[in-house]
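# Summary of structural features
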Amino acid sequence: MWKRIGCCMKKALGVFCSDLHLSAKAPGSRKDDWFLAIERLFEKITVTGKRYRCPVFVAGDVFDKPKEEPVVVSQAIRWMKKLKWYGIPGQHDLIGHSISRLEETSFWTLVESGCLEYINEFLDLKDYLIVGYPWGREPADIVKTNKHVIGLGHLLVWQTSPFIGASQTGNVSEVIKRYKNHDVLVFGDNHKGFKVKKDGVLILNCGTACRRTLADVDYKPRCYVLFEDLSVKTVYLPFEFDEFVQKEEQINGYSHEDSFKVFVKTLMDQTEVSLSFRKMLTAYLNKNSVKKDVENIIWEIMESVV
């Protein structure tokens, strides 16, 4: 769609979002109709994409687990078919966080269904170039071009450190140094969205698209519409009808055997420590030569509780 600015018109390049964390099971913190909440989320993104006549780009963590239930995968397919969607996987989309097993995931089901195009490396869209950075992929060597270069990645990027010990590689100043010759960098993973322009580079951190934990109660989920002049419009996603349980209700709702899940979820409600824990666990597994089948079981347990 052409947007009027004074006497000028400008074109929308895309709607950018991330961290949908689609799941068949409602998060423990939510007590409303979870499937209806997902419907509202998709409806808003779809209306926005159609209004501006542009595709949708999702920067990882489409699903909450690598292998989600068919009912929520079908829900995603039904909505994604209404627009052109492009995307990359985040760590929640990957079994054992391994890109080598991508074809075993629900993310890949979307790709095979034709409703989501996976940006494996470079995607030339005539007016601009999209560079895909799935979870774990290092910055690419980009040659300067007369086209806008937009990086779409899944990385914990931050302005203010989200937790003690957060890697400095996620600091926006360091990110700009590492991702050279990009005009725009769009990221998922950090669930708190923000936009900032630094040293001539626009950074969009999309944040979570749907509130899942008590830590999200005061957060307004959003997506961004990016225009050809690299201006940005923030579009807030539905949250007015979200209903959360009180923390005491959330904890009492679990049975005794789920106490470990309560512990993990409580940590996640407070900080992003799960991210640093994942890194420590990965380092431990690599250092101690754990058998592959055992490692897979460990990661499957991790994915079921975080």
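One can find the structure itself at the top, above this paragraph.
The notes below deal with the structure included here. Residue indices begin from 1 for each chain and proceed along its sequence in written order. Only residues with pLDDT of 70 or above have their local features reported here, since the model is predicted, and side-chain atom pairs are shown and tallied only from 80 upward, although totals for entire chains, interfaces and linings are computed over all residues. Side-chain numbers here rest on the full set of heavy atoms in the structure, without hydrogens or water.

### Quick notes on unusual backbone geometry
- At Asp61, a residue that is not glycine, the phi angle is positive and equals roughly 55°.
- In this structure, Asp61 sits in the loop between strand 3 (56–59) and helix 2 (70–80).
- With a phi close to 55°, Asp199 is a non-glycine residue in the positive phi region.
- On the accessibility criterion, Asp199 (66% relative accessible area) is exposed. The helix count covers DSSP runs of H or I at least four residues long, the strand count covers runs of E at least two residues long, and both are numbered beginning at the N terminus. Remark: exposure states derive from per-residue accessible area (1.4 Å probe, protein chains only) relative to the maximum for the residue type, with buried under 20%, exposed over 50%, and partly exposed in between.

### Some remarks on the side chain of Ser23
- Turning to its location among the elements, Ser23 is positioned in the loop between strand 2 (8–17) and helix 1 (34–52).
- Note on Ser23: relative accessible area 3%, which makes it buried.
- Side chain to side chain, Ser23 and Arg212 meet in a polar contact 3.3 Å long.
- Discounting chain neighbours no more than four positions away, the residues touching Ser23 are Trp34, Ile38, Asp64, Glu68, Val72 and Arg212. Polar contacts here mean pairs of N or O atoms no more than 3.5 Å apart (in protein, one a potential hydrogen donor and the other a potential acceptor; neighbouring residues in sequence count only if both atoms are side-chain atoms). Note on contacts: a residue pair is in contact if any heavy atoms of the two residues lie within 4.5 Å.

### Quick notes on helix 3 (residues 106–113)
- Those residues of helix 3 lying buried are Ser106, Phe107, Trp108, Leu110 and Val111.
- In this structure, the buried side of helix 3 is in contact with helix 2, strand 4 (85–88) and strand 5 (117–118).
- Immediately downstream of helix 3, the backbone of Gly114 shows phi near 85°, a positive value.

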